[in-house]
Each structure stands twice: as C-alpha cells, then as structure tokens.
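This is what each chain is made of:
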Amino acid sequence: MADGASGPIVDTTASPCARLRPLPVAAVRPTDEFWAPRIARNRVATIPSQLAQCKATGRVDNFRRASGKIGGEFQGIYFNDSDVYKWAEAAAWSLATYPDPALEAELDGVVAEIAAAQQPDGYLNTYFMFERAKERFRNLKDMHEIYCAGHLFQAAVAHFRATGKRTLLDVACRLADHLVTQFGPDGRIGACGHEEAEMGLVELFRTTRDARYLDLARRMIEARGQTPAVLGRSPYHQDHAPFAKQRKMTGHAVRHLYLCCGAADVVAETGDAAYLAALDALWHNFTLRQMYITGGAGSRHEGEAFGDDYELPNERAYTETCAAIGSVMWNWRMLLLTGLPQYADVLELALYNAVLPGLSLDGTRYFYENPLADRGGHRRQEWFGCACCPPNVARLLASLPGYLYSIADEGVYVHLYASSEAALTLPTGDTVRLREETDYPWNGEITIHIDEAPDREITLFLRVPFWADEAESQLFLNGDDATNFLTGEPGAYRAVRRLWRAGDIVRLVLPMPVECIESHPHVTSNRGRVALQRGPLVYCIEQADNPNGDAWDLALTDDSTFSTERLEIAGHSVIALRTDGLVRNANAWADALYAPYAPENSEDFSPATLTAIPYYAWANREAGPMQVWIPVVSDQ
Ligand code: FUB
Ligand code: ZN
C-alpha cells in the first residue's frame, strides 16, 4: 500500500470554513470487487487508450506545433488542450495509487511537451499561436482559453500531489500569473464563457498559498451578471445574474455545475455567506426539480443545458457524462464544506448511475449523452471529436479512492462503502488504520475492522444512505447490538464515539429491498411508470434479457414482487432483478398511432417475466430497446 504521502483531490486541509478534510488519494486502497477492478482497468486500458487517441488526433502534436518542434495546422477543436490536461490529471492520480514507471515516463513526456509550448510571458494555449496570437483573450465568451487553463491547473496540482514533481505546477503558476496580470486587480474584469478555472485557481492557491490565485477565482465568479455584461448577459454562460443571486440551475449544464464547484471552493476559503446561500438554493433547485433519478444533470440537447423545472424527458435526456462528473465534484465540495450526508447521497447516486454508464464495462468506449430510454441506436464510441467526457471519466476513476473517507477533528467519516484499507492521520496527529469489508453495492452489510486507533475517544461517522430504511438498519459493535446509534434523522451520518481498540469490529447492516420509485406528476414522461432502485443502483430493462417482447412493451403490475440473481454481462457479474410482469399484446395497437381513450388494464397484456439490470451496465451487449421508467398496469 502506498504510504499516504500523496495529496488529496480538493485539499480543504487548511480551509478555514470547511468542516471536513479529505484524505490523500494514496491513503486509501480499494480491495473490493466493484471499484478496484474498475480503477485497475482505468490504469491498464482506459488511460493508455486515451493517450493513444490524444496522440492520433493531433492533440499532443498541437503542443509540439506551438513549441516549434513541428509545422502544420492546429488540429481539432479549439479547446483540445483541455483533453490532454484531463488525461494528465488522470495519469497523475493513477500514479498516486499504483506506481507505474511506464505511465510515469509517458506522463513526463507529455508534461515536457506542455512546458515547451509555454510562451515567455506565461501564456499557454496551443490554438492561439502564431497568426492567432493577436486574438488572445478577445473572445472570452466562446473560446475556452481560460477553461483550458483551469484544466491545466487541476492537472498540475494532481501531478504535484501525486508525484511531488513541480514540472507541471511551475507551468501552471506561470500561466496563472499571466492571468493575474490580465484579469487581476490591475487588469480588466473578465471570465471564461465555460467555467472551470475558478476551481483550478482555488486548488492552485491551496497548493502554493499564493492568495492572488484565490482572489482571481473570486473575481471571475464576481464577473458574472455584472453591468456592463462580460459574457453577453446570457443564461447559457450563467451571466444572467451575479452568482450570489442565482437560484436556479440554468444554461449549459457542465458550465453551471463547474461554476458551483468554484463557488463552493471559494466558500471553503472565505466563508462567503451570499455564495453559500446561492449554492444551497441551486442545490435544492437541482435535486428537487432538475435531477434525473440517476443523478444525471442537464436534460436538453439544445445548448447541452438544464431545462425548465420537471423537464426530464427520457429518450431525449442529454445528461452528459461530464455534467454527472460536475455534480460529483460539486457535491464532494459541499460535503467537505458542511459534513452533511445529503451531498454524499447525491454524489453516490450520480457516481453509480450517471457517471458509470458513460464508460463501457471493458473501459474503452464512452457515452457522451445518457438517455434513460432508447430503441437501441445509442451506442458507446471509442472517442469523440469533442472528447470532453472520456478523460473526465478517467480522472474521476483514478482519484476515486480519495472519495471514500474524510477526517475531521472528532474522527473519521465513511462516505462511500467499498472493501478497502485506509491509513489515516487525524488533524490531531493520531493515526487510525481500518479495513472495510463489504459486497456493496450488491449487499448492504459493511464490516469495519479497526486495526489501529489512538488512545483517546474518537468518532466513527457512518453514512446511512437516503435509500436505507431507518427502522430496518442495524449496527453491531464487536457482535453486540448497537442499533441505538442508528436513531435520528434518516440519511444522517451516525456517530459512534468511543475509545477504540485494535481488533474492534463494527458491522452496519443496510437492507437493500427493491424500491419502486415514482416521480412528481409534472414529469410527464414518467406518468404511470416507476423506476426500480436497489441500494444505490437504479435499474433498467434491456432487450437482451427480455425475450418475451419489445422491452418498451413490458410492464409491471401494481403488486410486483422481485427476486434477485447474479447475471453475467460482458464478463461482469451484476445482481439482476426478476419479477412476474406483463407484456403488451402484440396486436393491441396494430398500426394505429391514436385511438379513442380506453383505460389500459391487464387484459391488454399477457404474463411475462421481467429482468432488470443496473442501468450503468446497459448497452454492453447486442443493441435493443431499453428503458428505466417502466409502465405499471393495474390488475383491476
Ligand atoms: O465545451 C467544453 C465541453 O465540451 C463542455 O463541457 C461539454 O458540454 C462539451 O460541449
Ligand atoms: Zn463531456
């Protein structure tokens, strides 16, 4: 196991207003059958294939062109630099947990190309070179220059925290210094049409303690919604109102979610109450009006945007993989800020059900959009011209160990359950070592072995997720019932405070019945339908498991009961749900599109077994219809 010398993703260790401190990514080693193989596949399949794509598509050569090593034209989309930076961040986090000399050498090579492309004044963007140099910072709204810089900042911080090397960090600081001259107190008011740099700058501040970077992040957030308008007053760019006055998730989804990440980072450093109030209102608007049951965000194809409240179509769901990652990042920051479990709940929901579907089970193909119903035409691709999603997934998976636990003065928080080993140093300097064993997300039994604990009382904070039935959940300490700790508000962290001894064993039992979930009646596409959820996983029915008829003709009855069984999907074991359901009689509608209304009932259907699989696993076999929201037919 790595010695925990690396840094964390999002370092609130010294943030005066954050409740929790994250752990170094290397301090936690997943040993489970769910995440550990995915993280390993990320290292051996996803990250190498993405570098090959970045090389084959000219993304790396753009840096070589900028440094004068090769000639030719800039290749691809003007923000292609960001894909190389995201790849570098993924590679860096992967090195934090798995030393890999070959990957480290590849990363060093890419870092050298990036460094060589930097201009003497610190400027770095390979699109705005040579004949385009005169266009630098002329079109902040559209051209993603500062967005690319933000991804460089995040990559550089990850590289430094994971390897201790300053090579990329020095490049990032020179570029950040250049941005300070342009947009700092002695420059002009400006911000990028695509947020990202705000959170990168705060992390750069946390790494260097250079307060100009934090100030610049705040200035860029403040630039929105000002008069005269910096970004055309457009809601698409979140320029319709000052951030502190924003109350509704609006416009391009990834942008708004990244803006919230940056604002949460600023709150952690400054305690800004107006930003916090905006974040709270935006989070409630998102989770109560605009979030898919999967945790997915951004329902509109047009503008890759949030829609109106309750506008959550299924076949036309956009739910970009990057937006789900933005939600994970935002909720992680809110969790660190507050220690409140609702943020871990949404993070977990999005992680399993909105980020994971973005990646094929073999780790080599990607979804950009994630519809919740499909006729079989939507398939994952090896890469995209606009390839924002693939390296975003890679960097998240590479850093995933860092999301499992946090620490606070009182003790240890357990956020995401997974078999793992963790070596923690509390803010007091005390060491805690623990081992977790669980078959989560398939089973809600979690055993935590305390292998080392300080000689004073500390608290173990356990998350009882929102889906867990409070009355049925149980806690055991060294075999004795300690369920009285599980009282209080549903979905809260349960605090177990005591003088722990090496050898102590905590067992948390979270029953995982299948839940049929309905949605608010204003979500018109889900009327008369339910979605199936078991534990943190949302399910779907896919044609490959349902030979009884078109998967869109399958229905549940209102007294459906479910059994579970293991199923192999493309070599991956999942728990599937089975139930006696119905299939619409083939001749029920013939060729008609419309017909006089007659209440639908079970006579229009025949009995059929339904099999549902975790939504993240769909589209890994032969193509066919799929749906998450399943009609319910009354037996009356
Ligand atoms: O514009 C950069 C990225 O590409 C966005 O975040 C995605 O939505 C895609 O448009
Ligand atoms: Zn994307």
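Residues numbered from 1 in each chain as written. Chains lettered and ligands numbered in written order. Predicted model: local features only at pLDDT ≥ 70, side-chain atom pairs only at ≥ 80, totals over all residues. Heavy atoms only, no water.

K.L.:
Honestly, the coordination of the zinc ion (ligand 2) in this entry has me stumped. Any pointers?
P.N.:
When a metal holds four donors in a tetrahedron, each ideal angle between them is 109.5 degrees; when it holds six in an octahedron, the ideal angles are 90 or 180 degrees. Taken together, the protein donors to the zinc ion (ligand 2) comprise E320 (OE), C322 (SG), C388 (SG) and C389 (SG), at separations of 2.0 to 2.3 Å. One can describe the site at the zinc ion (ligand 2) as tetrahedral: its 4 donor atoms subtend angles covering 95 to 117 degrees at the metal. In primary sequence terms, the donor set of the zinc ion (ligand 2) follows E-x1-C-x65-C-C. The residues E320 and C322 share a single accessibility class, namely buried. (Donors = N, O, S within 2.8 Å, 3.2 Å for Na, K, Ca; no water. Tetrahedral: all angles 85-135°; square planar, octahedral: opposite > 155°, others 65-115°. Buried < 20%, exposed > 50% of the residue type's maximum accessible area, 1.4 Å probe, protein only.)

K.L.:
Looking at this structure, how should I read the packing of helix 10 (residues 273-290) against helix 12 (residues 341-355)?
P.N.:
A pair of packed helices is captured by two measures, namely the crossing angle of their axes and the spacing between those axes. It is the contact of helix 10 with helix 12, at a shortest axis distance of 13 Å, that shows an interaxial angle of 45 degrees. Judged on the interaxial angle alone, helix 12 and helix 10 are oblique. Here the hand of the crossing between helix 10 and helix 12 comes out left-handed. Together, D280, W283 and T287 of helix 10 and Q342, Y343 and V346 of helix 12 make up the contact between the two elements. Grouping the constituent residues of the contact of helix 10 with helix 12 by class yields 3 nonpolar, 2 polar and 1 charged. (Axes fitted to C-alpha atoms, helices over the stretch in contact; angles between N-to-C directions. Helix = DSSP H or I, 4+ residues; strand = E, 2+ residues; numbered from the N terminus. Parallel < 35°, antiparallel > 145°, perpendicular 65-115°, else oblique. Left-handed = near helix turned anticlockwise from the far one by under 90°. Contact = heavy atoms within 4.5 Å. Nonpolar A, V, L, I, M, F, W, Y, C, P; charged D, E, K, R; others polar.)

K.L.:
Before we go on, may I ask you to explain the sheet that holds strand 9 (residues 458-463) in this structure?
P.N.:
By way of backbone hydrogen bonds, the strands of a sheet pair with one another, either parallel or antiparallel. The strand order across the open sheet formed by 5 strands is 1-4-5-9-12, and the pairing between neighbours is mixed. At either margin of the open sheet sits one strand with a lone partner, and together these are strand 1 (21-22) and strand 12 (493-498). Bridging between strand 5 (residues 411-414) and strand 9 involves 4 bridges; their strand directions are parallel. Across the sheet, the residue bridging to Y413 is F461, located in strand 9. Taken strand by strand, helix 12 contacts strand 9 and strand 12, and its axis lies near 45 degrees from that of strand 9. (Pairing = 2+ DSSP bridges.)

K.L.:
Any chance you could explain the sheet that holds strand 10 (residues 474-477) here in plain terms?
P.N.:
Spatially, the 7 strands line up as an open sheet ordered 2-6-7-8-13-10-11, and their pairing is antiparallel. The sheet is open, and its two edges are formed by strand 2 (28-30) and strand 11 (480-481), each paired on a single side. Relative to strand 6 (residues 420-425), strand 2 is paired through 3 bridges, and the arrangement is antiparallel. For R29, the partnering residue across the bridge sits in strand 6 and is E421.

K.L.:
How should I be thinking about helix 9 (residues 253-270) in this particular structure?
P.N.:
Residues that lie three or four places apart on an α-helix share one face, since the helix turns once every 3.6 residues. Taking 1.5 Å of rise per residue, 18 residues should cover 26 Å, and helix 9 covers 26 Å from first to last C-alpha, within 8% of that figure. For helix 9, the tally of buried residues reaches 17 of 18 residues, placing the bulk of the element in the interior. At the exit of helix 9 stands G271, carrying a positive phi of roughly 75 degrees. (Expected span 1.5 Å × (residues − 1).)

K.L.:
Quick question: what am I supposed to make of unusual backbone geometry here?
P.N.:
A negative phi holds for most residues other than glycine; trans holds for most peptide bonds. The omega angle of the peptide bond from T227 to P228 is -5 degrees, so this bond is cis rather than trans. Within the secondary structure, P228 is located in the loop between helix 8 (211-222) and helix 9. Residue P441 is reached from Y440 by a cis peptide bond, and omega for that bond is 10 degrees. Relative to the helices and strands, P441 resides in the loop between strand 7 (431-438) and strand 8 (445-452). In this model, V10 sits at a positive phi of 65 degrees, which is unusual for a non-glycine residue. Its relative accessible area of 7% is what places V10 among the buried residues. With a phi angle near 60 degrees, R209 is a residue other than glycine that sits in the positive phi range. Within the secondary structure, R209 sits in the loop between helix 7 (197-208) and helix 8. A relative accessible area of 45% places R209 in the partly exposed class.

K.L.:
Just to check I follow, could you spell out the pattern of salt bridges for this structure?
P.N.:
Two side chains carrying opposite charge are able to pair once their charged atoms lie near each other. Scanning all chains against the criterion turns up 46 salt bridges. E131 serves as the salt-bridge partner of R65, at 4.0 Å between the closest nitrogen and oxygen. Taken together, the residues R65 in helix 2 (residues 59-66) and E131 in the loop between helix 4 (101-117) and helix 5 (145-163) connect sequence positions 66 residues apart. Overall, R65 belongs to the buried group, its relative accessible area being 5%. The partner of D430 in a salt bridge is R456, with the nearest N and O atoms 2.5 Å apart. With a gap of 26 residues between them, D430 in the loop between strand 6 and strand 7 and R456 in the loop between strand 8 and strand 9 connect regions that are remote in the sequence. Residues joined by salt bridges that share partners form a network here, namely R161, E203, R206, D265, E269 and R333. (Salt bridge = Lys/Arg side-chain N within 4 Å of Asp/Glu carboxyl O.)

K.L.:
Would you mind showing me how to read the nonpolar core here?
P.N.:
Counting 219 residues, the largest nonpolar core has W35, I114, F243, W330, Y403, L462 and V628 as its most contacted members. Discounting residues that sit within four places of it in the chain, L462 has contacts with V414, Y417, I448, L475, A492, Y493, R494, V496, V506 and L508. (Core = buried A, V, L, I, M, F, W, Y, C linked by side-chain atoms within 4.5 Å.)

K.L.:
Help me out: how do you make sense of the environment of R497 in this one?
P.N.:
Looking at where R497 falls in the secondary structure, it is placed in strand 12. Put simply, R497 and G411 are 86 residues apart on the chain and 8.6 Å apart in space, counted from C-alpha to C-alpha. Here R497 is in contact with E410, E457, I458 and T459, once residues within four sequence places are set aside. A distance of 3.2 Å separates a polar side-chain atom of R497 from the backbone oxygen of E457. Within the structure, R497 has its side chain in polar contact with the side chain of T459 (distance 2.7 Å). (Polar contact = N/O pair within 3.5 Å; in protein donor to acceptor, adjacent residues only side chain to side chain.)

Taken by themselves, the reported measurements are silent on function.
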